[in-house]
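Structural characterization, general
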Amino acid sequence: MGRVLEGARLAGYGAAYFFASGAFMSYWPVWLHDRGITDAEIGTLFMTRQLASVVAVLGIGFLAHRLGGLRGLLLGLAAAAIVMMGAYQISYTFLALFIVGLAWGCIWSPTMALYDGVLVNEAKARGFVYGRLRVWSSVAFIAGTLICGVAVDRYGPPSVLFVGWVGIFCLLPLALALPRGEGHARKGPAAAPFGFGELFRSKSFLLFLVAAGFCQSSHAVLYSFGTLTWRRAGIDDVTISMLWGESVTVEIGLMLVSGWLMQRIGVTGLIGLGLACGMIRWTAMAYTTDLPALILLQALHAGTFAACHLGAMAFIQRALPSNGTALGQSIYYGLGTGATQAVIYQFAGLLYERFGQQAFLGMTAISAIGMICLLTLARRWDGGLLVGAPARP
C-alpha cells in the first residue's frame, strides 16, 4: 500500500495537468472560433504563445537548475495558472487573447518541464518505471477530453474553459504532495554541474533536440485544426472527443510496456518509431476524414507522441547527470519542442488556410527531417553521459 501511495504522490500532479490539457488540446481552437478568431489568427496565437513559452521555460529552468527545490516553483506556477484562466474568461478580442496567451505561455509550458524533471529523477531514485507513472497523466487526459467533448456537445464551446479550470485548480494541493526536490548549495556558478554552453557544444544533444522536437512539433496541424477539420467533415463532438480519447488510450498501452520496449529497441529506437509513425499518420490524414481510417490513424499516436516522449525522457536521463536534469528538460521543452512548435504552428496556420486538410503533408516533411537527424544521432551517441559528472549521493 505504501508503494501505491508513493506512486500516487508522484503521479497526481501530472494527472491534474493533463486533465486540463485534454480539454484544451482537443477543443481550444473551437473555443477560439467561438470568440470570432479566424484560422490564420489561431496559428498566430499558438505561435506567439509558444515563443513566450520558450523564453519562460529556459529562464525558469535555469533558475531551477541553480537553486533546486522545484516544488515551490510548481506551486507558484499553479497559482498563476488559476489567475490566467480568469483572464481568458474576460478576453473577447484578438488583442486581448494575444496578450493573455503570452502570459499563459510563460506559465503552462514551464510547469510541465519542471514536473517531468521531478518525475524522471524521482522515478529513478525510488525504483519506479517512468512510463508507468506517466500512464496516469494519459488516463486523466482521456477523462478531460471526453468530459470536454460531452460538455461542448451539450453546453457549447464556452464550457471548454470551465472543464480545464477543474484540473488547474487541483494543481495546488497536488503540488504540495510532491517531494521538495534536490537543492544546490548557493556557492555561486560553480555549484551547477554544467551550463547551456556545454550542452550546445554537444552535437549529439543538438541532433536529439531536432529529432525529438520535430517529432512532437509535427502534431501542429492536428492540434490546431484536427477538431475543426473533423467537424467540417460532419463528425459530431462526442465522436471527436472519443477519437482524441482513443489516441491516448493506445498511448497508455505503449507506456505500460515501455520498460520491455526500451530493452528491445533502445532510446533512439523509440524516437525513430515515433518519427516513422508520423510519416505514415500525417500523409494519410492529408487525404481522409473517413471515421474507420481516423480510428486507425489515431492509434498511431502511441508512436508519434508516447514512443518519442519516452525516448526523449530516457535520453535526458542517460545523457545528463541527475543534478542537471532540470536544465536538460527545460532546454528540450523550450527549444526542442517549444521553439520549433512556435514556428511550425504559424507555418501550420498558413498551410491550412491555403491548402486545408492537405496541410498535414507539411508535417510529413517535418517528420522526415527529424528522422534524418535521428539516424545521425544513433551513429554518434554511445548511450553514456554527454556532459557533467554523475551526481554524488
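The notes below deal with the structure included here.

Quick word on the packing of aromatic side chains
Centre-to-centre distance and the angle between the planes together describe a pair of aromatic rings. Overall, the coordinates contain 22 aromatic pairs when judged by the stated rule. With 6.3 Å between their ring centres and 35° between their planes, tyrosine 223 and tryptophan 244 make a pair best called tilted. Residue tyrosine 223 is located in helix H9 (residues 220-232), and its partner tryptophan 244 is located in helix H10 (residues 237-256); the two are separated by 21 residues in the primary sequence. Tryptophan 244 carries the same exposure label as tyrosine 223, and that label is buried.

Some thoughts on the side chain of serine 241
Within the fold, serine 241 resides in helix H10. Serine 241 gets classed as buried once you look at its relative accessible area, which sits at 1%. Among residues more than four places away in sequence, those in contact with serine 241 are Tyr27, Thr145, Leu146 and Gly149.

Notes on the pattern of salt bridges
Opposite charge on two side chains lets them pair, provided their charged atoms get close. By the definition in use, this model includes four salt bridges. The partner of aspartate 237 in a salt bridge is arginine 231, and the shortest N-O contact between them spans 2.8 Å. According to the relative accessible area criterion, arginine 231 is partly exposed, its value standing at 33%. Through salt bridges with shared partners, a single ionic network connects Glu6, Glu122 and Arg126.

Regarding a nonpolar patch on the surface
Taken together, the side chains of Leu256, Val257 and Trp260 define a hydrophobic patch exposed on the protein surface, amounting to about 300 Å² of accessible area. Take leucine 256: it is sitting in helix H10. Take leucine 256: its relative accessible area is 45%, and that puts it in the partly exposed class.

What to know about the packing of helix H8 (residues 203-217) against helix H13 (residues 301-319)
Interaxial distance between H8 and H13 falls to 9 Å at its minimum, and their mutual angle equals 160°. By the criterion of interaxial angle, the relationship of H8 to H13 is roughly antiparallel. The way H8 lies across H13 gives a crossing that is left-handed. Residue-level inspection shows Ser204, Phe205, Phe208, Ala212, Cys215 and Gln216 of H8 in contact with H13, the latter providing Thr304, Phe305, Cys308, His309, Ala312, Phe315 and Ile316.

Cut-off values and rules
- Residues numbered from 1 in each chain as written.
- Predicted model: local features only at pLDDT ≥ 70, side-chain atom pairs only at ≥ 80, totals over all residues.
- Heavy atoms only, no water.
- Phe/Tyr/Trp six-rings, centres within 6.5 Å; stacked < 30°, edge-to-face > 60°.
- Helix = DSSP H or I, 4+ residues; strand = E, 2+ residues; numbered from the N terminus.
- Buried < 20%, exposed > 50% of the residue type's maximum accessible area, 1.4 Å probe, protein only.
- Contact = heavy atoms within 4.5 Å.
- Salt bridge = Lys/Arg side-chain N within 4 Å of Asp/Glu carboxyl O.
- Patch = residues over 30% accessible without salt bridge, like charges linked within 9 Å, V, L, I, M, F, W, Y side chains within 5 Å.
- Areas by Shrake-Rupley, 256 points an atom, 1.4 Å probe, with all protein chains shown as cover.
- Axes fitted to C-alpha atoms, helices over the stretch in contact; angles between N-to-C directions.
- Parallel < 35°, antiparallel > 145°, perpendicular 65-115°, else oblique.
- Left-handed = near helix turned anticlockwise from the far one by under 90°.

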